[in-house]
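# Remarks on the overall topology
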Amino acid sequence: MMKNPRYITSIEDLPGIPGDEKMRLAEVTKKFAFRTNEYYASLINWDDPGDPIRRIIIPDPRELEDWGALDPSREQDYTVAPGVQHKYRETALFLTSDVCGGFCRFCFRKRLFMNRADEIARDFSEGIGYVREHPEITNVLLTGGDPLLMATSRLERIISRIREIDHVQIIRLGSKMAAFNPYRILNDPDLPRMIRTHSTIEKRIYLMAHFNHARELTPQAIDALEVLRAAGAIVVNQTPLLRGINSDPSTLTDLFKRLSFIGVPPYYVFQCRPTLGNHLFEMPVEESYLIFEKARASCSGLAKRARFVISHATGKIEVVGKTENATYFKYHQAADPRDVGRFLAFRSNPEAFWFDDYIELLEDSRVFPDEDEHFPAFPTGRKTPDDTQVIG
Ligand code: SF4
C-alpha cells in the first residue's frame, strides 16, 4: 500500500515553477483557491508549458480576466434546503463538501471555495426531510466539492439516511477523486465495504467520475475505479470540453476510447460554463460541438455514448446538430418538465459561448404538443439576469 500523497495548497511548494512565476501565480490564488497533491502534481510534464494536467490544476494569470459569472447555471435558484438543490424532477443534489482532491482551474462551483461555503450543508436533516416528502425524487447526487473528501464514516451516515427513503433508488457520487488522488480509494478498505453495503443489485450507487484527459487514467486511477466497481458501484464519466486540455478531437477520441476500454461509459461532455475566471478554457459552442462530433467519428459505439450538453439554468440542453445556417438543440433535462424533449433551431452564431447567446429562433417544437396549452414561448428564466451576465 503506497502512502497517501501530501496535499499542496501553496504555489511555493510546487516543484517545476521558477520563482518569478510563482509570485505571479500566487496573485491568482488570492482570488481563486489552489490545491493539488503530490500524486497529481507528479503527472505534470513541467517542460511543457501547455501540458494538459498543468492546465487543469496550476493557476494561470489569465484567470484574473473579468469574464464570466460566479454561478452561471444559477444553481442557487434551485436551493430547497441548506446545501440541497432540486432542479430536475427526479434528482436532488446535495452539496456535501467545499473541498476537492484538487481545485480544477475551470471549476464552475469555484464560488464554494471562495468563502461562500454557506451553500454547503453541515447538517442534511432538512434536505433529507425534503427528499422524504418528494416521492418523485428517485436519484440523489452527492457532490460539492468532492464527497470522497469526507471520511467514509461521515459519508456513510449521509448515505444510510438516504437509503432509508424507499423511493430513492440511485445515489450518485460526483467525484474526481479517482483522477486526483486514487490512493484515497485504494487505501481505505472501509470505502468499498460501505459501497458494498449500500449499492445493491436493485438500488445502485453510481460514481460520476471526472476524467478530463486520458493522461489522468493512470494504472492507480484504473485500479481505484476497479475497487469501486468490484464493490458494486456503476462508474460513468463526465467532462467539460476545455480549450488546451481536451479541445483537440484526437485528444477527446483518446479519452473516449480509453474510458470505453476500461468499461467506463462517457456520459456527458459539457460546454464549459461561462464561469468567472474561465475565459482561457472557453470554446464557442459550435466549435465545441464540431470537436465533439469529430472525436466521436473515430470511436466505436460504446465509446461514443456521451451527449454534448449545455448545463443551462433552464435545463440540460443537448446540441444535436448544425447546418451552415442553423444550430439545433434539444432539452435533454429541464427544470420545467414540459420542456423535456423540446426541440429548438436557432440561427447559427459562431460567437456564442452559451445558450443565451442564441437570439434568432427559427423553429420551436414540442415533442408532446397537445399536452399543455399553456406552454410558454420560452422557458422561464431563459434570459440571463444581471448578476450572471456573461462578460465577453
Ligand atoms: S472536482 Fe469538480 S467540484 Fe472539484 S474543483 Fe474540479 S470541477 Fe470543481
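All of the points below concern the structure found in this document.

Rules of the game
Residues numbered from 1 in each chain as written. Predicted model: local features only at pLDDT ≥ 70, side-chain atom pairs only at ≥ 80, totals over all residues. Helix = DSSP H or I, 4+ residues; strand = E, 2+ residues; numbered from the N terminus. Rg over C-alpha atoms; globule rule 2.2 N^0.38 Å. Buried ≥ 20, exposed ≤ 12 C-beta atoms within 10 Å, placed from the backbone. Pairing = 2+ DSSP bridges. Right-handed = clockwise from strand over helix to strand, strands pointing away. Axes fitted to C-alpha atoms, helices over the stretch in contact; angles between N-to-C directions. Parallel < 35°, antiparallel > 145°, perpendicular 65-115°, else oblique. Contact = placed C-beta atoms within 7 Å. Nonpolar A, V, L, I, M, F, W, Y, C, P; charged D, E, K, R; others polar. Expected span 1.5 Å × (residues − 1). Arc of directions from axis to C-beta.

## Things to note about the overall build of the chain
Of the regular secondary structure elements, the chain holds 11 helices and 15 strands. Here the chain has a C-alpha radius of gyration of 21 Å; the compact-globule value for 392 residues is 21 Å, and the two agree. With the C-alpha coordinates of the chain rotated into their principal frame, the extents come out at 60 × 50 × 45 Å. A total of 392 residues make up the chain; the buried ones form 44% of that total.

## Let's talk about the pairing of strand 11 (residues 307-312)
Strand 11 sits mainly inside the fold: 5 of its 6 residues count as buried. As judged from the 3 bridges shared by strand 10 (residues 266-271) and strand 11, these two strands associate in the parallel manner. Of the residues in strand 11, the one forming a bridge with Val-269 is Phe-308. The parallel pair strand 10 and strand 11, bridged by helix 11 (residues 285-297), forms a crossover whose chirality is right-handed. Direction of pairing for strand 11 relative to strand 12 (residues 315-322): antiparallel, over a ladder of 4 bridges. Within strand 12, the position partnered with Ser-311 by the bridge is Lys-316. Between the end of strand 11 and the start of strand 12, which pair antiparallel, lie 2 residues.

## Quick look at the packing of helix 5 (residues 152-163) against helix 8 (residues 190-198)
For the pair helix 5 and helix 8, interaxial distance at closest approach is 10 Å and the crossing angle is 5°. Judged on the interaxial angle alone, helix 8 and helix 5 are roughly parallel. In this structure, helix 5 uses Thr-152, Leu-155, Glu-156, Ile-159 and Arg-163 to contact helix 8, whose residues at the interface are Asp-190, Leu-191, Met-194 and His-198. Counted by class, the contact of helix 5 with helix 8 contains 4 nonpolar, 2 polar and 3 charged residues.

## Description of the environment of Ala-69
Looking at the element boundaries, Ala-69 is found in the loop between helix 3 (52-57) and strand 3 (79-81). Here Ala-69 falls in the buried class, since 23 other C-beta atoms lie within 10 Å of it. Sequence spacing of Ala-69 and Arg-273 is 204 residues, and the spatial spacing of their C-alpha atoms is 9.0 Å.

## Some thoughts on helix 5
In a regular helix each residue adds 1.5 Å, so 12 residues correspond to 16 Å; helix 5 covers 16 Å between its end C-alpha atoms and thus fits that length. Every buried residue of helix 5 is listed here: Leu-155, Ile-158, Ile-159 and Ile-162. Summarising the axial view, the buried residues of helix 5 lie within an arc of 95°, below the 170-degree limit, and thus occupy one face. The exposed residues of helix 5 that point more than 90 degrees off its buried face are Ser-153, Arg-157 and Ser-160. Looking at the packing, one finds that the buried side of helix 5 touches helix 4 (125-132), strand 6 (139-143), strand 7 (170-175) and helix 8.

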